[in-house]
Amino acid sequence: MEHYAFTLHGALDLLDSGAVTSVALTESVLARIDAVEPQVQAYLALDREGAMRQAEQADHLRKIGQGGPLCGVPLAVKDVLCTTSMPTTCGSRILEHFVAPYDATVITRLAQAGSVLLGKLAMDEFAMGSTSENCAFQTPNNPWKIGYVAGGSSGGSAAAVAADECFASLGTDTGGSIRQPASLCGTVGMKPTYGRVSRYGLVAFASSLDQVGPLTKDVQDCALMMNTISGYDPQDSTSIQLPVPDYTEALLEGLQGVRIGVPREYFGEGLDPEVDRVVRQGIAMLKEAGATIVDVTLPHTDYCVAVYYLIAPAEASSNLARFDGVRYGFRDRTADSLIDLYKRSRSQGFGDEVKRRILIGTYALSAGYYDAYYKKASQVRTLIKDDFAKAFSACDLIISPVCPTPSWKIGDKADDPLAMYLSDILTLSANLAGIPGMSVPCGFNAEGLPIGVQLQATHFNESILFRAAYNLEQRAGVAGKKPVFV
Ligand code: GLN
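Okay, so let's go over this structure.

Conventions adopted
Residues numbered from 1 in each chain as written. Predicted model: local features only at pLDDT ≥ 70, side-chain atom pairs only at ≥ 80, totals over all residues. Heavy atoms only, no water. Helix = DSSP H or I, 4+ residues; strand = E, 2+ residues; numbered from the N terminus. Rg over C-alpha atoms; globule rule 2.2 N^0.38 Å. Contact = heavy atoms within 4.5 Å. Areas by Shrake-Rupley, 256 points an atom, 1.4 Å probe, with all protein chains shown as cover. Phe/Tyr/Trp six-rings, centres within 6.5 Å; stacked < 30°, edge-to-face > 60°. Pairing = 2+ DSSP bridges. Axes fitted to C-alpha atoms, helices over the stretch in contact; angles between N-to-C directions. 1 Å grid on protein atoms, 1.4 Å probe; cavity = no way out; pocket = protein on both sides within 12 Å on 5 of 7 lines; lining within 4 Å. Points joined across faces, edges and corners; volume = space filled by probe spheres on them. Nonpolar A, V, L, I, M, F, W, Y, C, P; charged D, E, K, R; others polar. Patch = residues over 30% accessible without salt bridge, like charges linked within 9 Å, V, L, I, M, F, W, Y side chains within 5 Å. Salt bridge = Lys/Arg side-chain N within 4 Å of Asp/Glu carboxyl O. Buried < 20%, exposed > 50% of the residue type's maximum accessible area, 1.4 Å probe, protein only. Near = heavy atom within 4 Å. Polar contact = N/O pair within 3.5 Å; in protein donor to acceptor, adjacent residues only side chain to side chain. Sits in = over half its atoms within 2 Å of the grid points. Lys, Arg positive; Asp, Glu negative; His and termini not counted. Parallel < 35°, antiparallel > 145°, perpendicular 65-115°, else oblique. Expected span 1.5 Å × (residues − 1). Core = buried A, V, L, I, M, F, W, Y, C linked by side-chain atoms within 4.5 Å.

Moving on, we get to the overall build of the protein chain. Across its full length, the protein chain carries 15 helices and 13 strands. For 486 residues, the compact-globule estimate of 2.2 N^0.38 gives 23 Å, and the protein chain sits close to it at 21 Å. By principal-axis analysis of the C-alpha atoms, the protein chain measures approximately 65 × 55 × 45 Å. Long-range contacts, defined as pairs at least 24 residues apart, comprise 77% of the intrachain contacts of the protein chain with a sequence gap of at least 6. Approximately 18000 Å² of the protein chain is accessible, and the part contributed by carbon and sulfur atoms is 52%.

Here's what the structure looks like:
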């Protein structure tokens, strides 16, 4: 097997045994990127020289016994995380050449662990979207079928991992943007509990929902990435001061005595029959592994899309006010007054979906409408959170589909924002409730497109997700299957 095709833990074993150097590993991945990137289009920026320098440094540290837990492994991150070594565009013209003055905490942690940063990955503009088609620069393809969406908004992060263009990546999830692309591209993806991972240096979309997390080739890799990025950060006032368990320990436990809830609302109208079949097979596998399956109900599920698409745009309209043509990025040079400068810079710098959200969000927050929209949505958000609290009194985790359908053709929903929003119906609630969620590959449809299963648990109980995910992965037998490029 070529070096780039190994898992993250597999690559670490190779490095530990001396069978490969980080320099050779990095060269292998760069050659893979050269071979498949014309089709996949996952990278917005690639730092070849920087990566090779870091690889040499990693080999040196390893030799003198000072390598960290991810020493020498090449990774890549969504282009919404601030990096000093490369631009951070957020997939937007308004930040096209912007280079951040500091690194995000998660970038620093990955570097301290010894990993090599290859580049920045394509995404929907400011993480708004479900297919990455809202990226101002390029649309990543699904490695399983070129011409099909990789999902979004962390589409580049999922595509790069699925195509072996990095050993693991980071994405962000505000309403499903890690779990949904992971499901559509056949990778593992985890949205940690709100507060588990630092958001310092993550360009904010909706601050009460955003969370950084890993996309990986298997469950063990996901645990390794979570071990590195999790934990309190004094720079992020919403990060929580709680000890971080070693997530790899959870992999070894069986499922005896674990109660898994199946929410009936998540298997309703509009669910693709093949997705339904794969998820039900997943449930059967967990039962075989010793879990008890129980029915649960999340009665306010129908309101998730409406609530999310008020709260997220409201927060976005406020967060994106800082992109004014003065402080960062793109500036229109023809304006003749300050107001005109704001208007022209923002009109040209932002794409259609971002403008749509700013308009909706500003409206929902404005005097006279605030009570009817933003306040009401916040109240219903509490009901959605309570639904989970009740459901988790009867079960330890909840299983469901991630996305109602497998991947679709690029362009199919691009002109229909409502159809796009509706595809998020199964992932939004975890963000509204702040709980952790995970997508685990479980099967394929007849066309060979991957289908993932979603697992959700109570706040800060990522370990039980890893436990169930690992058991599922062992039984599903899909880990290690690769897309073929023609
Ligand atoms: N698809 C959702 C949206 O468009 C979620 C995006 C995300 O999680 N960043 O807002």
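Attention now goes to the packing of aromatic side chains. Given two aromatic rings, their pairing is described by the distance between the two centres and the angle made by the two planes. Enumeration according to the criterion identifies 14 aromatic pairs in this entry. Taken together, a centroid distance of 5.8 Å and an interplanar angle of 50° make the contact between Tyr363 and Tyr373 tilted. Of this pair, Tyr363 sits in helix α11 (residues 352-365) while Tyr373 is found in helix α12 (residues 371-391), placing the two residues ten residues apart along the sequence. A ring pair is formed by Tyr370 and Tyr374, whose centres lie 5.5 Å apart and whose planes are at 40°; its orientation type is tilted.

This brings us to the sheet that holds strand β13 (residues 450-457). Strand order in the open sheet formed by eleven strands is β1-β3-β2-β6-β8-β7-β12-β13-β11-β9-β10, with mixed pairing between adjacent strands. Of all the strands in the sheet, just β1 (43-46) and β10 (292-296) have a single pairing partner and so form its edges. Between one strand axis and the next, the sheet turns through 30° on average, direction left out of account. As paired strands, β1 and strand β3 (residues 116-121) are joined by three bridges and run antiparallel to one another. Opposite Tyr43, over in β3, you have Leu121 as the bridge partner. In this fold helix α3 (residues 48-63) packs onto β1 and β3, with an angle of close to 155° to the strand it touches most, β3. Along the sheet face, helix α15 (residues 462-476) touches β7 (188-191), β11 (397-401), β12 (437-444) and β13 and points at about 5° away from the line of β12.

Before going further, it helps to spend a moment on empty space enclosed by the protein. Taken as a whole, this structure holds four cavities of 30 Å³ or more when the rule is applied. Empty space within the largest cavity amounts to approximately 100 Å³. Along its surface, the largest cavity is lined by 15 residues, and Gly129, Ser130, Ser177, Tyr308 and Asp424 are the ones closest to its centre. Residues of the lining of the largest cavity, tallied by class, amount to five nonpolar, eight polar and two charged.

Below, the discussion takes up the environment of Leu455. Locating Leu455 in the fold gives a position in strand β13. In the structure, Leu455 is positioned 55 residues away from Ser400 in sequence and 6.7 Å away in space, judged by C-alpha atoms. Filtering out sequence-adjacent residues up to four positions away, Leu455 remains in contact with Leu286, Leu397, Ile398, Ile399, Pro436, Gly437, Met438, Val440, Leu465, Ala468 and Ala469.

This paragraph deals with a nonpolar patch on the surface. Together, Tyr363, Tyr369 and Tyr373 make up a nonpolar patch on the protein surface, roughly 290 Å² of accessible area in all. Here Tyr369 lies in the loop between α11 and α12. The partly exposed category is assigned to Tyr369, whose relative accessible area is 36%.

Of all residues adjacent to the ligand, which total 15 residues, the nearest are Thr174, Gly175, Ser177, Tyr308 and Arg357. In this structure, Gly176 approaches the ligand through a main-chain N or O atom, which is 3.3 Å from an oxygen atom. At 2.6 Å, a side-chain N or O of Tyr308 approaches an oxygen atom of the ligand. Calculation on the ligand without its partners gives an accessible area of 290 Å², and the protein chains cover 99% of this total. Counting atoms within 2 Å of the grid points, the majority share of the ligand lands in the largest cavity.

Here Asp233 is to be found in the loop between α7 (219-229) and β9 (259-263). This buried residue, Asp233, is left without a salt bridge; Arg109 holds the nearest opposite charge, at 5.7 Å. Look past the residues within four positions of Asp233 in its chain and what remains in contact with it is Thr105, Ser198, Tyr200 and Ser239.

This part covers the packing of helix α1 (residues 8-17) against α7. Two elements in contact, α1 and α7, have axes whose closest approach is 7 Å; the angle formed by their N-to-C orientations is 75°. By the angle between their directions, the pair α1 and α7 is classed as roughly perpendicular. Along the contact surface, α1 presents Leu8, His9 and Leu12, while α7 presents Gln220, Asp221, Leu224 and Met225. Partitioned by chemical class, the residues of the contact of α1 with α7 number four nonpolar, two polar and one charged.

This part takes up helix α9 (residues 304-319). Compared with the 22 Å implied by 1.5 Å per residue over 16 residues, the 22 Å span of α9 between its first and last C-alpha is a close match. Burial runs high along α9: 14 of the 16 residues are buried.

In this structure, Leu81, Phe126, Met438, Leu455 and Phe466 are the most contacted members of the largest nonpolar core, which totals 150 residues. Once residues within four sequence positions are removed from consideration, Phe126 is found in contact with Cys90, Ser92, Ile94, Leu95, Val203, Phe205, Leu320, Phe323, Phe350 and Val354.

Taken as a whole and judged by the stated rule, the model has 18 salt bridges. Measuring nitrogen to oxygen at the nearest pair gives 2.5 Å for the salt bridge that ties Arg62 to Asp16. Of this pair, Arg62 sits in helix α3 while Asp16 sits in helix α1, placing them 46 residues apart in sequence. By relative accessible area, Asp16 is classed as exposed at 56%. Notably, a salt bridge pairs Arg344 with Asp340, separated by 2.9 Å at the nearest N-O pair. With Arg344 and Asp340 both in helix α10 (residues 338-349) and four residues apart, this pair spans about one turn of that helix. On the basis of relative accessible area, Arg344 is assigned to the partly exposed category, the value being 35%. Judged by relative accessible area, which is 17%, Asp340 ranks as buried.

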